[in-house]
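# Understanding the architecture of this molecule
The chain contents come next:
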Amino acid sequence: MSQSHAPALSRRRFLVRVAGGAMLALTGADLWSLIRGAGAEPAKDGLMTRVTRPQLLETPVEDFTSWITPNERFFVRSHFGPPPADALHNWRLHVEGDVARSLTLSLADLQALEEVTVPAVVQCSGNGRAFFTPKVPGAQWEKGAVGNARWTGVRLADVLKRAGVGPRARHLQLLGADRPVLPTVPLFTRSIPLEKAMHPATLLAYRMNGDPLPLLHGAPLRVIVPGWAGDACVKWLTHLTLREHEADGFYMQTAYRMPIKPVMPGAVVKPSDMVPVEDMVVQSLIARPTDGAALGGGVILVEGVAWTGEAEIVRVDVSVDGGKMWSEAELIGDQAPYAWRLWRYRWREARPGAYTVMSRAADSRGHVQPMAMTWNPSGYLWNAVDHVNVRVTG
Ligand SMILES: Nc1nc2c(c(=O)[nH]1)N[C@H]1C(S)=C(S)[C@@H](COP(=O)(O)O)O[C@H]1N2
Ligand SMILES: [Mo]
């Protein structure tokens, strides 16, 4: 059903209470889609469950033939699951720490600022962890802990400017309303350097692909840090704290850190040799053909997506002989600084036989996907060339 069924309403804005108390200005078209969906969370049928409590869901790689990942197909990751409704009741955003004036903002206060939309990839640092040898503990993500969405909200910088950035502020600490089940487990607190917080593309987002932000993705408000790994994109956001130092605690000081030089599995790494995971690495995925597919002969379309951190995809190459010969794929469709890029390659005159098809992306920093990965203790930032094994039956 299209939004044209509610034409008279579609432009007017209504103030509606969402996700346990926050007010969101919705258009008539939004209301129409909420009524159709009875306000329920969109079903996430067809995603792969990696962990059941909390729910960790992975998108099948065959989905990655479209520029935008629909909300109901977008991967889900959190450490403790969404907060209960009463934790979001009367939701406010608190801005504090080294500021000229502390702020307590409602969603309507935020929406009085200039609204911006940034299409951006969100990817878990642990995407691809399942492929590391030796095995690394943690969620065994394969390829689909990643998606590309249009995020709408306000610039984080605009909010910080309203509070007035203090002279000692170097890092912005981010905290959401979600809480661990056991009080001994630390809170999920992250921080980002002030420079990235003030970047004009860094957002406080209340919409995802045009719809109100779904609860699983952080309603009513989340951080989007374009180009950086998903752990910085704090969901159910309630507190922004400007500080001189990085956030304390497990999720900033121990987790989401990588060694600065290669380490042997099992070796002890000095904390001073570990740095936070920040921007994403250059990567590509083959959406079609799928691994294990039996294909007819003739022209076979190889297609997928490619993305990177704070840079641009400049090239994707495809090999159909396990990496000996490479041919340039076509970059197609929409393009935006922090979004992924679709690509396709026409494999002509494929003869019967078994093949390993590979994709390898390169970015504007001169980074190219490696054939093999360097192991790291938490299994972060897997970006080896992607491959699928297929059979051409002729
Ligand atoms: N409050 C909160 N925000 C969070 C997390 C969390 O556990 N709590 N997990 C982070 C991690 S590790 C990732 S990869 C992304 C996943 O975002 P998504 O579920 O919208 O795909 O959310 C991030 N934001
Ligand atoms: Mo993550």
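For the structure, see preceding data.
No experiment lies behind these values; they were computed from the predicted model shown.

So, on to the overall build of the protein chain. The helix and strand inventory of the protein chain stands at six helices and 25 strands. Within the protein chain, buried positions represent 54% of all 394 residues. A separation of at least 24 residues holds for 71% of the contacts in the protein chain among residues at least 6 apart in sequence. When the accessible surface of the protein chain is split by element, carbon and sulfur atoms take 53% of a total near 17500 Å².

Sheet strands pair by backbone hydrogen bonding; their relative direction is either parallel or antiparallel. The four strands lie next to each other as β17-β19-β23-β22, forming an open sheet whose pairing is antiparallel. In this open sheet, the two edge strands, each paired with only one partner strand, are β17 (283-288) and β22 (330-332). Strand-to-strand, the axes of this sheet are offset by a mean angle of 35°, without reference to chain direction. Two strands pair when backbone bridges link them, and β22 and strand β23 (residues 341-350) are joined in this way by three bridges, in the antiparallel orientation.

Before going further, it helps to spend a moment on the sheet that holds strand β18 (residues 294-295). What the five strands build is an open sheet, ordered β18-β25-β24-β20-β21; its pairing is mixed. Strand pairing shows two members of the sheet lacking a second neighbour, β18 and β21 (327-328), which therefore form its edges. In this structure, strand β24 (residues 353-363) lies alongside strand β25 (residues 386-392), joined through seven bridges in antiparallel fashion. Across the sheet, residue Ser359 finds its bridge partner in β25, namely Asp386.

The geometry of an aromatic ring pair comes down to the distance between the two centres and the angle between the two planes. The final tally for this structure, using the stated rule, is 13 aromatic pairs. Consider the rings of Phe74 and Phe75, whose centres lie 5.6 Å apart with planes at 25°: the pair is stacked. An identical accessibility class is assigned to Phe74 and Phe75; each is buried. For the pair Phe74 and Trp151, a centre-to-centre distance of 5.9 Å together with 85° between the ring planes defines the contact as edge-to-face. Remark: Trp151 occurs in strand β8 (residues 146-155) and Phe74 occurs in the loop between β4 (56-58) and α2 (85-88); sequence separation between them is 77 residues. Both residues of the pair, Phe74 and Trp151, count as buried. Sitting above the plane of the Trp326 ring, Arg360 keeps its charged end 4.1 Å from the centroid.

Turning to the site of ligand 1, a few remarks are in order. Near ligand 1 you find 18 residues, and of these His79, Asp178, His217, Arg222 and Lys235 are the closest. Within the side chain of His79, an N or O atom sits 2.7 Å from an oxygen atom of ligand 1. At 2.7 Å, a side-chain N or O of Arg222 approaches an oxygen atom of ligand 1. Against a free-state accessible area of 540 Å², the protein chains account for coverage of 100% of ligand 1. Here the shell around ligand 1 is composed, by residue class, of nine nonpolar, four polar and five charged.

So, on to the environment of Thr374. Its location among the elements puts Thr374 in the loop between β24 and β25. For Thr374, a relative accessible area of 47% translates into the label partly exposed. For the pair Thr374 and Pro262, spaced 112 residues apart in sequence, the C-alpha separation works out to 6.8 Å. With residues up to four places along the chain from it excluded, the contact list for Thr374 reads Phe132 and Pro262.

A word on the pairing of strand β14 (residues 237-243). For β14, the tally of buried residues reaches five of seven residues, placing the bulk of the element in the interior. When strand β5 (residues 93-97) meets β14, the two strands line up parallel, connected through four bridges. Each residue of the ladder has a partner; that of Glu96, found in β14, is Thr241. The pairing of strand β9 (residues 171-176) with β14 spans six bridges and is antiparallel. Bridging across to β14, Gln173 finds its partner in Thr241.

Along the polypeptide, Asp273 turns up in the loop between β15 (257-259) and β16 (274-276). Each residue touching Asp273, except ones within four places of it in the same chain, is listed here: Met258, Pro259, Ile260 and Lys261.

Taking burial as the measure, the eight residues of helix α4 (residues 156-163) include six buried ones, the bulk of the element. Where α4 is concerned, the buried positions are Leu156, Ala157, Asp158, Val159, Leu160 and Ala163. Within two residues after α4, Gly164 carries a phi angle of roughly 85°, on the positive side.

Moving on to the pairing of β23. Of the pairings in the sheet, the one linking strand β19 (residues 298-307) to β23 comprises eight bridges and is antiparallel in character. If you follow Ile300 over to β23, its bridge partner there is Trp347.

What counts as what
- Residues numbered from 1 in each chain as written.
- Chains lettered and ligands numbered in written order.
- Predicted model: local features only at pLDDT ≥ 70, side-chain atom pairs only at ≥ 80, totals over all residues.
- Heavy atoms only, no water.
- Helix = DSSP H or I, 4+ residues; strand = E, 2+ residues; numbered from the N terminus.
- Buried < 20%, exposed > 50% of the residue type's maximum accessible area, 1.4 Å probe, protein only.
- Contact = heavy atoms within 4.5 Å.
- Areas by Shrake-Rupley, 256 points an atom, 1.4 Å probe, with all protein chains shown as cover.
- Pairing = 2+ DSSP bridges.
- Axes fitted to C-alpha atoms, helices over the stretch in contact; angles between N-to-C directions.
- Phe/Tyr/Trp six-rings, centres within 6.5 Å; stacked < 30°, edge-to-face > 60°.
- Lys NZ or Arg CZ within 6 Å of the ring centre and 35° of its normal.
- Near = heavy atom within 4 Å.
- Polar contact = N/O pair within 3.5 Å; in protein donor to acceptor, adjacent residues only side chain to side chain.
- Nonpolar A, V, L, I, M, F, W, Y, C, P; charged D, E, K, R; others polar.

Geometric values such as these leave the question of function open.
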